[in-house]
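Residue-level structural notes
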Amino acid sequence: MDYSILINLLRTKQIVTPLEKDILDTWNELQKTPFDMDSSQRQILSNAISHPDIAVKVTTLPTTTSKPSCAITEMDNRYILQCQLAFLAEKELQIRN
């Protein structure tokens, strides 16, 4: 999904909701070059705490696997962030409709 329209809309708002901030923070985390594993892990955890419903959705996806923290790769973190972003955006769109 192309999130650029939603991201641009949220960036122009003067006041953002906590959900909108989480969307922007997750998007920004995915855009970092080089990718920051520690920062991405903090964002994943923050999203999971703020949105337990989304954390459940991500962990129950058939393509999500559980790994020990020492085995988590950049690809794993990107996958989780992308899934979280998709569910956060879906949640935002449901609120707007």
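We now turn to the structure provided with this report. (Residues numbered from 1 in each chain as written. Predicted model: local features only at pLDDT ≥ 70, side-chain atom pairs only at ≥ 80, totals over all residues. Heavy atoms only, no water.)

1. Considering helix α2 (residues 18-31)
The terminal C-alpha atoms of α2, which comprises 14 residues, lie 20 Å apart, in line with the 20 Å expected from a rise of 1.5 Å per residue. If you check which residues of α2 are buried, you get Leu19, Glu20, Asp22, Ile23, Leu24, Thr26, Trp27, Glu29 and Leu30. Considering only its buried residues, α2 is in contact with α1 (4-12), α3 (37-50) and α5 (74-96). (Helix = DSSP H or I, 4+ residues; strand = E, 2+ residues; numbered from the N terminus. Expected span 1.5 Å × (residues − 1). Buried < 20%, exposed > 50% of the residue type's maximum accessible area, 1.4 Å probe, protein only. Contact = heavy atoms within 4.5 Å.)

2. Some points on the environment of Ser46
Residue placement: Ser46 occurs in helix α3. The spatial distance from the C-alpha of Ser46 to the C-alpha of Thr60 is 18 Å, given a sequence separation of 14 residues.

3. Points about the side chain of Asn77
Here Asn77 shows up in helix α5. We classify Asn77 as buried; its relative accessible area is 3%. Beyond its immediate sequence surroundings of up to four residues, Asn77 is in contact with Phe35, Met37, Ser40, Gln41, Ile44 and Ile72.

4. Quick look at the pattern of salt bridges
Evaluated as defined, the whole model comprises nine salt bridges. When the shortest N-O distance is used, the salt bridge between Lys21 and Asp25 registers 2.6 Å. Taken together, the positions of Lys21 and Asp25, both in helix α2 and four residues apart, correspond to about one turn of that helix. You can call Lys21 partly exposed: its relative accessible area is 44%. Between Glu74 and Arg78 there is a salt bridge, and its shortest N-O distance comes to 2.9 Å. Placement of the pair is Glu74 and Arg78 together in helix α5, with a separation of four residues, close to one helical turn. Given the relative accessible area of 37%, Glu74 is considered partly exposed. Via salt bridges that share partners, Lys13, Glu20, Glu92 and Arg96 belong to a single interconnected network. (Salt bridge = Lys/Arg side-chain N within 4 Å of Asp/Glu carboxyl O.)

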